[in-house]
Amino acid sequence: MQRFSAFSLFRQGLDRQKGWKNQWRKPDPKPAYDAIVVGGGGHGLGAAYYLAKVHGIRNVAVLEKGWIGGGNTGRNTTIIRSNYLFDESAALYDHALKMWEGLSQELNYNVMFSQRGVMMLAHNIHDIQVFKRHIHANRVNGVDNEWLTAEEAKDFCPPLNIDPNVRYPVLGAALQRRGGTARHDAVAWGYARAADALGVDIIENCEVTGIRRDAAGAVSGVETTRGFIASQRVGVSAAGHSSVVLDMAHVRLPLESYPLQALVSEPVKPIFPCVVMSNTIHAYMSQSDKGELVIGAGTDAYTSYTQRGGLHIATETLAAICELFPQFRRMRMLRNWGGIVDVTPDRSPIIAKTPVKGLYVNCGWGTGGFKATPGAAHLFAHTMARDEPHPINAPFTIERFRDGYLIDEAAAAAVAH
Ligand SMILES: Cc1cc2nc3c(=O)[nH]c(=O)nc-3n(C[C@H](O)[C@H](O)[C@H](O)COP(=O)(O)OP(=O)(O)OC[C@H]3O[C@@H](n4cnc5c(N)ncnc54)[C@H](O)[C@@H]3O)c2cc1C
């Protein structure tokens, strides 16, 4: 026999009287936003911009746990190129490169995109074969890439040391002339300003701490440090932390997070005309418009969420730079920093729907997602708006790791900045 206490009888009466009957199973409030984007980096802000601009979905919020552009977008070495090996990657990154070419005009904000050329050095027979394979594959895909002899490489980049007697002599190089650099934080600000002008809300200091789902399992909103925000469409673009956020909806991602660091020298007058990358000795360099030599190091060998890389990694990178460019040996380094990159097993990204209705993810860009920013944002917005991928990002699913359709740029290149 069911027993009722005086209190429960009183509560039932009260509930009936005041319409509180189902207060513990109250439906979630009406969606506050038509879409929420988690992560205020270039990818997230850009996705919000394209949701508003291309798809007319303007009631959008970007939720950023810190400040916009404070993640990898503001920490990277800004190398932009599209000379990836596989058809899917070439299509993805060249889509982005073409968008870079008009981005300052599109946003009415100077992102200082500079197509000064990206040159990748070959130091041994294997490098020569790999780069020539890339060049042929790229040309078939309509992506520019060309082979230079060591002398031609030095003509293109006069500070380069092509002495055949060094430990890793330069035997030639692959050059993508349309590649280059941009001003990274300007990309975040440019997208933020343009999205804001279209009505997007950008909410900083707002960390997503949970993802709420309705009785049918679909997304109904996010819990944040500033309270619950309802939306039936949530896109996660939280580089380095995507797996943490997706875990809140019990979606497991094949990602590992690593620290990746970079450093800059004291500023000097213009001396370095292009971007030079050496995969074999793992060093890459360009010169910023402020005059600093921008040097990228490798990822740490262990997973971590610290935004700081090991000192020995930076030291090895500087040793390689000194060997390639002996004239920079006496330059002083001004500052160094790190970011956290999330890496998939095949080193290609995921831009996709998830098994949870209304939940989308753009992640796994590893060490090379800055160059993709406009393209990734554009494709992610398409995926969120239409609930289906664009043909360009259709291969970049989560399921490919289950089904084995990998896009294995990891094996194709030792470094992917
Ligand atoms: C040192 C370094 C050098 C690099 N060099 C290059 C390069 O030369 N070329 C290149 O193409 N790529 C490079 N990359 C990679 C590139 O920076 C990234 O792939 C790209 O910037 C990712 O952009 P994003 O907008 O997705 O991420 P981010 O800019 O990191 O934005 C993600 C945002 O999500 C926020 N966030 C995380 N969790 C939450 C949460 N729970 N709630 C709310 N917000 C949250 C973070 O605070 C962050 O601001 C480099 C990266 C590093 C670290």
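Criteria and cut-off values
- Residues numbered from 1 in each chain as written.
- Predicted model: local features only at pLDDT ≥ 70, side-chain atom pairs only at ≥ 80, totals over all residues.
- Heavy atoms only, no water.
- Salt bridge = Lys/Arg side-chain N within 4 Å of Asp/Glu carboxyl O.
- Helix = DSSP H or I, 4+ residues; strand = E, 2+ residues; numbered from the N terminus.
- Buried < 20%, exposed > 50% of the residue type's maximum accessible area, 1.4 Å probe, protein only.
- Pairing = 2+ DSSP bridges.
- Axes fitted to C-alpha atoms, helices over the stretch in contact; angles between N-to-C directions.
- Contact = heavy atoms within 4.5 Å.
- Phe/Tyr/Trp six-rings, centres within 6.5 Å; stacked < 30°, edge-to-face > 60°.
- Expected span 1.5 Å × (residues − 1).
- Core = buried A, V, L, I, M, F, W, Y, C linked by side-chain atoms within 4.5 Å.
- Parallel < 35°, antiparallel > 145°, perpendicular 65-115°, else oblique.
- Domains from an automatic or database assignment.
- Polar contact = N/O pair within 3.5 Å; in protein donor to acceptor, adjacent residues only side chain to side chain.

**Considering the pattern of salt bridges**
So, point 1. Going through the model one piece at a time under the given rule, you end up with 15 salt bridges.
So, point 2. When the shortest N-O distance is used, the salt bridge between glutamate 323 and arginine 167 registers 3.1 Å. With glutamate 323 in helix H9 (residues 311-324) and arginine 167 in the loop between helix H6 (150-156) and strand E5 (172-176), this pair connects stretches of sequence that are 156 residues apart.
So, point 3. The class of arginine 167 is exposed, set by a relative accessible area of 60%.
So, point 4. Between glutamate 292 and arginine 335 there is a salt bridge whose closest N-O contact spans 3.1 Å. Of the two residues, glutamate 292 sits in strand E14 (residues 292-299) while arginine 335 sits in strand E15 (residues 333-343), which places them 43 residues apart along the sequence.
So, point 5. Look at glutamate 292 and you get buried, because its relative accessible area is 6%.
So, point 6. In this structure, a network of salt bridges that share partners links the residues Asp94, Lys98, Glu101, Asp144 and Arg178.

**Comments concerning the sheet that holds strand E2 (residues 60-63)**
So, point 1. Read across the sheet, 6 strands follow the order E6-E2-E1-E10-E17-E16 without closing on themselves; strand pairing throughout is mixed. Each end of this open sheet is capped by a strand with a single partner; those strands are strand E6 (201-203) and strand E16 (350-353). Averaged over neighbouring strand pairs, the angle between their axes works out to 15° when direction is ignored.
So, point 2. Sheet topology places E16 next to strand E17 (residues 359-363); 4 bridges connect them, and they run antiparallel. In the strand pairing of E17, isoleucine 350 is matched with cysteine 363.
So, point 3. With respect to the sheet, helix H2 (residues 42-53) is in contact with strand E1 (35-38), E2, E6 and E17, its orientation differing from that of E2 by roughly 175°.

**What to know about the packing of aromatic side chains**
Two descriptors summarise a pair of aromatic rings, namely the distance from one centre to the other and the angle between the planes of the rings.
So, point 1. For the structure shown, the criterion picks out 10 aromatic pairs.
So, point 2. Seen in terms of ring centroids, tyrosine 93 and tryptophan 365 are 6.0 Å apart; in terms of plane orientation they differ by 90°. Their pairing is edge-to-face. With tyrosine 93 in helix H3 (residues 87-100) and tryptophan 365 in the loop between E17 and helix H10 (373-386), this residue pair connects regions lying 272 residues apart in the sequence.
So, point 3. Residue tyrosine 93 is classed as buried on the basis of its relative accessible area, which comes to 4%.

**Some thoughts on H3**
Helical periodicity: at 3.6 residues per turn, an α-helix aligns residues three or four positions apart in one direction.
So, point 1. Across its 14 residues, H3 extends 20 Å between first and last C-alpha, which sits within 8% of the 20 Å expected from 1.5 Å per residue.
So, point 2. For H3, the tally of buried residues reaches 10 of 14 residues, placing the bulk of the element in the interior.
So, point 3. Every buried residue belonging to H3 is among Ser89, Ala90, Leu92, Tyr93, Asp94, His95, Ala96, Leu97, Met99 and Trp100, and all of these are buried.

**A look at the sheet that holds strand E13 (residues 283-287)**
So, point 1. The strand order across the open sheet built from 8 strands is E4-E5-E3-E12-E13-E14-E11-E15, with neighbouring strands paired in mixed fashion. Each having just a single partner strand, strand E4 (146-148) and E15 make up the two edges of the open sheet. Direction aside, the axes of adjacent strands within the sheet are offset by 20° on average.
So, point 2. Relative to strand E12 (residues 275-278), strand E3 (residues 118-122) is paired through 3 bridges, and the arrangement is parallel. Counterpart to methionine 119 in the pairing with E12 is valine 276.
So, point 3. Docked against the sheet, H9 engages E3, strand E11 (256-267), E12, E13, E14 and E15, running at close to 125° with respect to E14.

**Re the nonpolar core**
So, point 1. Grouped together as the largest cluster of nonpolar side chains are 47 residues, with contacts concentrated most on Tyr49, Tyr50, Leu51, Val60, Leu92, Trp100 and Tyr191.
So, point 2. Of all elements in the fold, only E1, H2, E2, H3, helix H4 (103-107), helix H7 (184-197) and H10 reach the threshold of two or more residues within this core.
So, point 3. Sort the elements by how many residues they give to this core and H2 lands first, with 7 residues.
So, point 4. Aside from chain neighbours lying at most four places away, what touches valine 60 is Tyr33, Ala35, Val37, Ala48, Leu51, Val200 and Asp201.
So, point 5. By size, the runner-up hydrophobic cluster in this structure holds 28 residues, among which are Ala61, Val208, Ala249 and Ile398.

**A word on the packing of H3 against H10**
So, point 1. Viewed as axis vectors pointing N to C, H3 and H10 meet at an angle of 110°, and their least axial separation amounts to 7 Å. Taken together, the axes of H3 and H10 are roughly perpendicular relative to one another. Only Thr373, Pro374, Gly375, His378 and Leu379 of H10 make contact with H3, whose side of the interface consists of Leu92, His95, Ala96, Met99 and Trp100.

**Here we look at the environment of serine 114**
So, point 1. Relative to the elements of secondary structure, serine 114 occurs in the loop between H4 and E3.
So, point 2. For serine 114, the residues in contact, after removing those within four places along its chain, are Gly179, Gly180 and Thr181.

**A few points about the environment of glycine 210**
So, point 1. With respect to the helices, strands and loops of the structure, glycine 210 is situated in strand E7 (residues 208-213).
So, point 2. On a C-alpha basis, the gap between glycine 210 and valine 245 in space is 7.5 Å, while along the polypeptide they are 35 residues apart.

**Things to note about the pairing of E12**
So, point 1. Side chains Val275 and Met277 project from E12 onto one buried face, and the interleaved Val276 and Ser278 project onto a second face that is buried too.
So, point 2. Note: E12 against E13, 3 bridges, orientation antiparallel. Of the residues in E13, the one forming a bridge with methionine 277 is tyrosine 284.
So, point 3. A loop of 4 residues connects E12 with E13, the two strands running antiparallel in sequence, and histidine 282 in this loop sits at a positive phi of about 45°.

**Looking at the domain arrangement of the chain**
So, point 1. Partitioning the chain into domains gives domain 1 (11-76 + 184-254 + 346-412) and domain 2 (118-177 + 256-343).
So, point 2. A C-alpha centroid distance of 33 Å is found between domain 1 and domain 2.
So, point 3. Facing the 17 residues of domain 1 at the interface are 15 residues of domain 2.
So, point 4. Linking domain 1 to domain 2 there are 0 salt bridges.
So, point 5. Viewed at the interface, domain 2 and domain 1 are joined by 9 residue pairs in polar contact (both at pLDDT 80 or more).
So, point 6. Counting residues per element, the side of domain 1 that touches domain 2 draws most heavily on helix H8 (residues 242-247), which supplies 3 residues.

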